[in-house]
Amino acid sequence: MIPARPDPTEKPETMMSAYAVEPALPSPPPLSADHIPGQRQTWWFWVAFVLTWFASGIAQGVAAVAIPQLLKEWDPEHATGNLSIILTVGGAAILITTPIFGRLSDRSLSRLGIRRPWILGGALIALGGYAVQALAPSLLMLGLGTMLVLIGWGAVSMTIHTLFADQIRRRIRAIMSAVTGAATAIGILIGVSFAGVVAGLGQVGMFLIPGGISALLALTLFFALRDIRRARPAPKLDWGGVLSTFWLSPRRYPDFAWAWVCRFFMTASIVSVTSYLYLTISSRFGIEDPAEIASVQTQATAAFTMMNLVMAFVFGVISDRTGRRKPTVVFGALFSAVGLVLAVAFGDIGFFLIGIAIVGAGQGAYIAADVALMTECLPSAEDAGKDLGIVALAYLLPGILVPVFGFFATRIGSPTGENFAALYIGAVGMALIAAFAVTRVKGVR
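Residues numbered from 1 in each chain as written. Predicted model: local features only at pLDDT ≥ 70, side-chain atom pairs only at ≥ 80, totals over all residues. Heavy atoms only, no water.

1. Things to note about the overall build of the protein
What the protein contains, in helices and strands, is 14 helices and two strands. In the protein, which comprises 445 residues, the proportion classed as buried is 58%. For the protein, restricting intrachain contacts to residue pairs at least 6 apart in sequence, the fraction spanning at least 24 positions comes to 84%. Element-wise, carbon and sulfur atoms account for 70% of the exposed surface of the protein, whose accessible area totals about 17800 Å². (Helix = DSSP H or I, 4+ residues; strand = E, 2+ residues; numbered from the N terminus. Buried < 20%, exposed > 50% of the residue type's maximum accessible area, 1.4 Å probe, protein only. Contact = heavy atoms within 4.5 Å. Areas by Shrake-Rupley, 256 points an atom, 1.4 Å probe, with all protein chains shown as cover.)

Structure below.
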């Protein structure tokens, strides 16, 4: 809840907000207003903010190539199943930890601020995870390293999402969402390409070099951010408060609930494609050479990224100028569904790449308004970290549920798990549900 306005008759020294930067700030404004609780940032913050989203993209690109490639080398017949297991276990870990990180971040009394410690800690945990992956001799150790990487990036992701509420004014949220989405897309492309290039160096190089670079890039935000600091301790947190970290009443906040459902299904749709892209290319087009698979995956990622960038900026400008978020999200979801149908309908690489490019266009339109839509549906600024932790569940849950769905969907008529057409059909349905869900949001245009 947003604290009540201070009594003007109170003495100045008692009129301290729960938050302070330098000097103390007034109570956090409503998120629907064009104000922020954070202080004015330097140009270096904006560079570092975008760089951190770029770094998260590199991390995703590395995971999309390095993990399935290593699993295929170890055990080709069970690569799809083993990938599903690793993704599910890693997803479960960040599902539990990330919302708690958001809750603790809101309550932090650190001299470093309420967000910066999580950037530092998350980047270092991810770096340790890459070291474990690089040296992993077995599926168990690879899974452990993947868990550490995902937990670390979960902390960083929680922070950079929360900074939209802390530091980004409402009138530029859509265009900043487009910029950060574009940075992520470019990062994924570079991560995929880079992982393929360093694959010749073996397991160590494939994980540690691009992964280490991504973690170090994320640390730039730690040094650049003028963070909010708490001026007094938060109220004592009981077990009810801990459990509320994972819950926000859909009856009380229906707009937030529908926006959450939209993000969940849209994320699940794209995760269904990206998580299995390497193995999809190998199976659907009969390619066994890792270098050739990586080459086609790089082409697909490049097509996706190019269209993603164009549409993200176009729709980011349109969304901010008109103040309308929902039409952009609906268009993005429907366009993504069309691309998925095209990608799965033909057994030709050319049509597959065109379909992936259309999916990229839809995703670009979607991300141009997604973060702006979610922040404008949050109940308050004071609990933004906790609430955006719940938002993060819509991003994290697909990491658990999609691999389970993928495990069974790819085995329809294929004991070895190579029915990727069924996986794509499921992704189409998810995109359509996302388009419907956002139409139910009433408080945002």
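2. Regarding the packing of helix H11 (residues 326–345) against helix H14 (residues 420–438)
Viewed as axis vectors pointing N to C, H11 and H14 meet at an angle of 165°, and their least axial separation amounts to 9 Å. Taken as axis vectors, H11 and H14 run roughly antiparallel relative to one another. Once H11 is placed against H14, the crossing between them reads as left-handed. When H11 is examined against H14, the residues Lys326, Val329, Val330, Ala333, Leu334, Ala337, Leu340, Val341, Ala343 and Val344 are found in contact with a partner set consisting of Ala421, Tyr424, Ala427, Val428, Ala431, Leu432, Ala434, Ala435 and Val438. For the contact of H11 with H14, a count of residues per class yields 18 nonpolar, no polar and one charged. (Axes fitted to C-alpha atoms, helices over the stretch in contact; angles between N-to-C directions. Parallel < 35°, antiparallel > 145°, perpendicular 65-115°, else oblique. Left-handed = near helix turned anticlockwise from the far one by under 90°. Nonpolar A, V, L, I, M, F, W, Y, C, P; charged D, E, K, R; others polar.)

3. Comments concerning the packing of aromatic side chains
Tallying each qualifying case throughout the model produces 14 aromatic pairs. Aromatic side chains phenylalanine 331 and phenylalanine 335 sit 5.1 Å apart centroid to centroid with 15° between the ring planes, which places their arrangement in the stacked category. Linking phenylalanine 331 with phenylalanine 335, this pair stays in helix H11, spanning four residues, or about one helical turn. With a relative accessible area of 32%, phenylalanine 331 lands in the partly exposed category. With a relative accessible area of 30%, phenylalanine 335 lands in the partly exposed category. Judged by centre distance (6.4 Å) and plane angle (45°), the rings of phenylalanine 352 and tyrosine 424 are tilted. Of the two residues, phenylalanine 352 is situated in helix H12 (residues 349–376) and tyrosine 424 in helix H14; the sequence distance between them amounts to 72 residues. As far as burial versus exposure is concerned, phenylalanine 352 and tyrosine 424 are alike and both buried. Among the aromatic residues, those joined into a cluster by ring pairs are Phe45, Trp46, Phe49 and Trp53. (Phe/Tyr/Trp six-rings, centres within 6.5 Å; stacked < 30°, edge-to-face > 60°.)

4. Some thoughts on the nonpolar core
Residues Phe49, Leu221, Phe352 and Tyr424 are the most contacted members of the largest nonpolar core, which totals 63 residues. Among the elements that take part in this core, helix H1 (residues 43–74) stands out by supplying eleven residues, more than any other. Discounting residues that sit within four places of it in the chain, leucine 221 has contacts with Phe45, Ala48, Phe49, Thr52, Ile119, Ile160 and Leu163. With 33 residues, the next largest nonpolar core counts Cys262, Phe264, Met266 and Val391 among its residues. (Core = buried A, V, L, I, M, F, W, Y, C linked by side-chain atoms within 4.5 Å.)

5. Considering the packing of H1 against helix H6 (residues 203–224)
Packed helices, taken two at a time, are described by the angle their axes make and the gap between the axes. Direction vectors running N to C along H1 and H6 enclose 160°, while the axes themselves pass 8 Å from each other. Comparing their axes, H6 and H1 come out roughly antiparallel. Handedness of the H1/H6 crossing: left-handed. A per-class count over the contact of H1 with H6 returns 21 nonpolar, six polar and no charged.

6. As for the environment of alanine 427
For alanine 427, the position within the fold is in helix H14. Placed 162 residues apart in sequence, alanine 427 and phenylalanine 265 show a C-alpha to C-alpha distance of 8.6 Å. When residues no more than four places from it in sequence are discounted, the contact partners of alanine 427 are Ser269, Ser272 and Leu340.

7. Some points on a nonpolar patch on the surface
On the surface, Trp43, Trp44, Val47 and Phe223 cluster together into a nonpolar patch covering about 490 Å² of accessible area. For tryptophan 44, the location among the structural elements is in helix H1. Judged by relative accessible area, which is 33%, tryptophan 44 ranks as partly exposed. (Patch = residues over 30% accessible without salt bridge, like charges linked within 9 Å, V, L, I, M, F, W, Y side chains within 5 Å. Salt bridge = Lys/Arg side-chain N within 4 Å of Asp/Glu carboxyl O.)

8. Overview of the environment of valine 198
With respect to the helices and strands, the residue valine 198 is situated in the loop between helix H5 (173–197) and H6. As for valine 198 and isoleucine 209, which are separated by eleven residues in sequence, their C-alpha atoms are 7.9 Å apart.

9. Overview of the side chain of serine 56
Along the chain, the position of serine 56 falls in helix H1. For serine 56, a relative accessible area of 12% gives the class buried.

10. Some words on the side chain of threonine 52
For threonine 52, the location among the structural elements is in helix H1. Other than its neighbours up to four places away in sequence, threonine 52 contacts Trp153, Val156, Ile160, Leu217, Ala218, Thr220 and Leu221.

11. Description of helix H10 (residues 290–322)
Given 3.6 residues to a turn, an α-helix orients residues that are three or four positions apart in the same direction. In this model, H10 (33 residues) spans 46 Å end to end at C-alpha, consistent with the 48 Å of a helix rising 1.5 Å per residue. At the C-terminal side of H10, glycine 323 shows a positive phi close to 75°. (Expected span 1.5 Å × (residues − 1).)

12. Re the confidence of the model for the protein
Detail in the predicted coordinates should be disregarded across regions flagged by low pLDDT. With 82% of its residues at a pLDDT of 70 or more, the protein shows a mean pLDDT of 78. Mean pLDDT across the elements of the protein ranges from a minimum in strand S1 (residues 19–20), with 31, to a maximum in helix H3 (residues 116–135), with 92. Low pLDDT (under 50) marks residues 1–34, which in the prediction has 70 contacts with non-local residues, meaning those over four places away or in another chain. (pLDDT = per-residue confidence, 0-100.)

13. Brief notes about the environment of leucine 51
Summarising the element assignment, leucine 51 is placed in helix H1. Owing to a relative accessible area of 25%, leucine 51 belongs among the partly exposed residues under this scheme. The spatial distance from the C-alpha of leucine 51 to the C-alpha of threonine 220 is 7.7 Å, given a sequence separation of 169 residues. Other than its neighbours up to four places away in sequence, leucine 51 contacts Leu217 and Thr220.

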